[in-house]
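# Summary of the model geometry
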Amino acid sequence: MNMSRQEKLLLFILACINFTHIVDFIIMMPMGPQLMRYFQLNPQEFSFIVSAYSLSAGISGFLAAFFVDRFDRKKVVLTAYIGFVLGTIACGLAPTFGWLIVARTTAGLFGGVLGAQVFSIVADVVPYERRATAMSIITTAFSVASVAGVPMGLYLATEISWHAPFLAIGGLGIVVTGLIIRFVPRLDGHLLKTGAKYNPLEVITSIVKSPGQLRALWLTTTIMLGHFSIIPLLSPFLVANVGLAESQLYLIYFVGGLVTIFTAPLVGRLADKRGKYPVFVVFALLSMIPMFLLTTMNPSGLTYILSVNALFFIFANARFIPTQAMVSSVVLPQNRGGFMSMNSSVQLLAQALATYGAGLLVTKTQGGQLIHYSWVGYLAMAAIFASVFIARNLRPVDEKPVLLEPDHAESEQADAVHPKLARPVEAL
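First, a word on scope: everything that follows refers to the structure included in this document.

### Observations concerning the overall build of the chain
From N to C terminus, the chain includes 16 helices and two strands. Per-residue burial for the chain yields a buried fraction of 59% across its 428 residues. Sequence-distant contacts, at least 24 apart, represent 85% of the contacts inside the chain between residues at least 6 apart. Split by element, the accessible area of the chain, about 17,000 Å² in all, is 68% carbon and sulfur.

This is how it looks when you write it as structure tokens:
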């Protein structure tokens with residue numbers, strides 16, 4: 001079944017939200033060598049900058065889980081996005097390292113709510129049989145961020161200052177805020193399914209009573225521990241140990257993002273056709289190959305570095321798409337926003353733990369090289385291997401998605417039956 005125009009427009013705006021959110025997060029990592037030199041940081045201090053965002057986002061995601069399902073998802077996303085944009089602009093205006101930490105924490109507090117709500121909206125609107133395809137569109141934002149956002153951010157940081165990328169992201173965020181206000185419909189269909197008085201603790205009791213939800217959270221934790229123990233120190237490692245020039249760092253994200261632009265939609269359709277779990281298993285196991293090659297790499301040529309990196313991006317992105325489809329489907333719509341916020345909190349806290357833990361394992365020699373990065377790789381591969389068994393028994397719950405109507409006439413007919421369903425764009 002093809003997507004309606006309303007679905008496509010909604011997914012585009014959600015992808016724009018993800019794009020700015022992702023660029024803001026990952027731009028810190030390729031800027032690692034520059035920031036470590038500018039502020040005289042060691043690997044532990046730099047890891048703390050990255051983990052500060054994840055930690056604050058994890059806390060806010062946890063707190064949001066107790067109330068987000070009480071509100072129209074558009075209002076939640078809009079409020080969180082405005083706070084995120086202001087926090088990002090504050091990063092660009094930060095005069096010192098201390099104020100940068102404060103600004104990153106502020107951006108994380110609001111950013112921690114965004115990702116969960118984006119995926120909740122997709123799961124509410126798109127049926128399970130087409131959900132992996134929709135998720136692949138949202139995750140393509142990461143690819144575009146890698147191809148366009150990171151190289152441009154690095155260029156601005158090099159040519160102007162490290163402040164410039166954050167100001168540029170903040171400016172783009174203002175434009176996206178206008179798109180949300182103008183084109184995103186009301187998304188309150190999940191409220192129809194809540195007849196009883198809202199209980200803020202229901203998200204906790206629901207998770208505790210559901211083996212599927214507990215397993216989904218454990219799956220998220222394991223994958224994040226495996227992925228984000230490698231990512232933050234990858235750029236400093238490639239520069240210090242492998243011989244990649246700082247001026248070539250953008251190629252890591254450009255090439256990786258470029259290949260996933262083409263592979264992500266293919267993986268989404270494949271997962272919908274062949275099954276989410278089988279596709280996840282294949283790519284989770286395949287992803288361990290470039291993880292090993294990257295974390296144990298010796299001085300190498302640019303072609304080899306980019307080839308291994310491309311495989312890492314392809315396989316890591318490919319295991320993420322079916323994972324999101326599976327995780328978002330273990331809970332009914334009336335509890336999905338809270339559960340996905342809890343899942344986002346777990347994800348971000350796992351990212352913070354993995355990032356800071358990797359910083360503790362890796363040390364810098366007097367010559368500037370990083371040692372023990374291979375230890376991080378071995379632990380990451382063990383976590384990804386374990387995730388295959390954790391995901392084995394995840395099952396979707398029975399649900400009826402809140403569908404966006406294809407045109408105004410049909411929306412009027414739908415409103416006559418269900419007046420609080422998500423309104424199409426024309427009805428705004």
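Moving on from the coordinates now.
### Observations concerning the packing of helix α3 (residues 43-64) against helix α5 (residues 97-125)
Remark: α3 packs on α5, axes separated minimally by 7 Å, with the N-to-C direction vectors making an angle of 35 degrees. In this structure, α3 crosses over α5, and the sense of that crossing is right-handed. Touching F48, I49, A52, Y53, S56, A57, S60, G61 and A64 of α3 are F97, I101, R104, T105, A107, G108, L109, G111, G112 and V113, all from α5. The residue makeup of the contact of α3 with α5, split by class, is 11 nonpolar, seven polar and one charged.

### Section: α3
The terminal C-alpha atoms of α3, which comprises 22 residues, lie 32 Å apart, in line with the 32 Å expected from a rise of 1.5 Å per residue. Along α3, the largest kink reaches about 30 degrees and is centred on S51.

### Comments concerning the side chain of N309
Relative to the elements of secondary structure, N309 occurs in helix α13 (residues 302-327). Taking the relative accessible area as the measure of exposure, N309 reaches 1% and is therefore buried. There is a polar contact of 2.7 Å between the side chain of N309 and the backbone oxygen of I252.

### Side note on the pattern of salt bridges
Counted by the stated rule, this structure contains four salt bridges. The salt bridge involving R104 is made with D24; its shortest N-O contact spans 3.1 Å. Taken together, the residues R104 in helix α5 and D24 in helix α1 (residues 5-26) connect sequence positions 80 residues apart. Here D124 and R73 are joined by a salt bridge, their closest N and O atoms 2.6 Å apart. Of this pair, D124 sits in helix α5 while R73 sits in helix α4 (residues 73-93), and the two are 51 residues apart along the sequence. For the pair shown, D124 and R73 are each scored as buried.

### Details of the layout of surface pockets
Taken as a whole, the largest pocket spans an internal volume of roughly 250 Å³. In terms of lining, the largest pocket is formed by 13 residues, of which the most central are L154, Y155, T158, E246 and S247. Listing elements by their share of the lining of the largest pocket, those giving two or more residues are α2 (32-38), α6 (128-159) and α11 (249-274). Looking at the lining of the largest pocket, the element that brings in the most residues is α6, giving four residues. When grouped by side-chain class, the residues that make up the lining of the largest pocket number eight nonpolar, three polar and two charged.

### As for α1
Every α-helical turn comprises 3.6 residues, leaving residues that sit three or four positions apart pointing alike. Taking 1.5 Å per residue as the helical rise, α1 with its 22 residues ought to reach 32 Å, and the 31 Å between its terminal C-alpha atoms agrees with that figure. Among the 22 residues that make up α1, 18 are buried, leaving the element largely enclosed by the rest of the structure.

### Things to note about the packing of aromatic side chains
Under the definition given, this model contains 11 aromatic pairs. Between F25 and Y53, the ring centres sit 5.5 Å apart and the planes meet at 45 degrees, which makes this aromatic pair tilted. Taken together, the positions of F25 in helix α1 and Y53 in helix α3 put the pair 28 residues apart, joining distant regions of the chain. With relative accessibility at 1%, the residue Y53 sits in the buried group. Geometrically, the ring pair formed by F62 and F66 is edge-to-face, given 5.2 Å between the ring centres and 85 degrees between the ring planes. The rings of F25, Y53 and F228 are connected pair by pair, giving a single aromatic cluster.

### Quick word on the packing of α11 against α13
Taken N-terminus to C-terminus, the directions of α11 and α13 make an angle of 35 degrees; their axes are 8 Å apart at the nearest point. α13 is crossed by α11, and the crossing has right-handed handedness. A per-class count over the contact of α11 with α13 returns 17 nonpolar, seven polar and no charged.

### Some remarks on a nonpolar patch on the surface
On the surface, a cluster of nonpolar side chains totalling about 580 Å² of accessible area is made up of L55, I59, F62, L63, I204, V208 and L349. Of all the secondary structure elements, the ones that give two or more residues to the nonpolar patch are α3 and α8 (202-209). With four residues, the top contributor of residues to the nonpolar patch is α3.

### Examining the nonpolar core
If you look at the biggest cluster of nonpolar residues, it comprises 129 residues, and the most contacted ones within it are I17, I180, L238 and F339. In this view, F339 contacts V203, I207, Q213, A216, L217, V327, V330 and V331; residues no more than four positions away in its chain are not counted.

Criteria and cut-off values
Residues numbered from 1 in each chain as written. Predicted model: local features only at pLDDT ≥ 70, side-chain atom pairs only at ≥ 80, totals over all residues. Heavy atoms only, no water. Helix = DSSP H or I, 4+ residues; strand = E, 2+ residues; numbered from the N terminus. Buried < 20%, exposed > 50% of the residue type's maximum accessible area, 1.4 Å probe, protein only. Contact = heavy atoms within 4.5 Å. Areas by Shrake-Rupley, 256 points an atom, 1.4 Å probe, with all protein chains shown as cover. Axes fitted to C-alpha atoms, helices over the stretch in contact; angles between N-to-C directions. Left-handed = near helix turned anticlockwise from the far one by under 90°. Nonpolar A, V, L, I, M, F, W, Y, C, P; charged D, E, K, R; others polar. Expected span 1.5 Å × (residues − 1). Bend = angle between axes of the 7 residues up to and from the residue. Polar contact = N/O pair within 3.5 Å; in protein donor to acceptor, adjacent residues only side chain to side chain. Salt bridge = Lys/Arg side-chain N within 4 Å of Asp/Glu carboxyl O. 1 Å grid on protein atoms, 1.4 Å probe; cavity = no way out; pocket = protein on both sides within 12 Å on 5 of 7 lines; lining within 4 Å. Points joined across faces, edges and corners; volume = space filled by probe spheres on them. Phe/Tyr/Trp six-rings, centres within 6.5 Å; stacked < 30°, edge-to-face > 60°. Patch = residues over 30% accessible without salt bridge, like charges linked within 9 Å, V, L, I, M, F, W, Y side chains within 5 Å. Core = buried A, V, L, I, M, F, W, Y, C linked by side-chain atoms within 4.5 Å.

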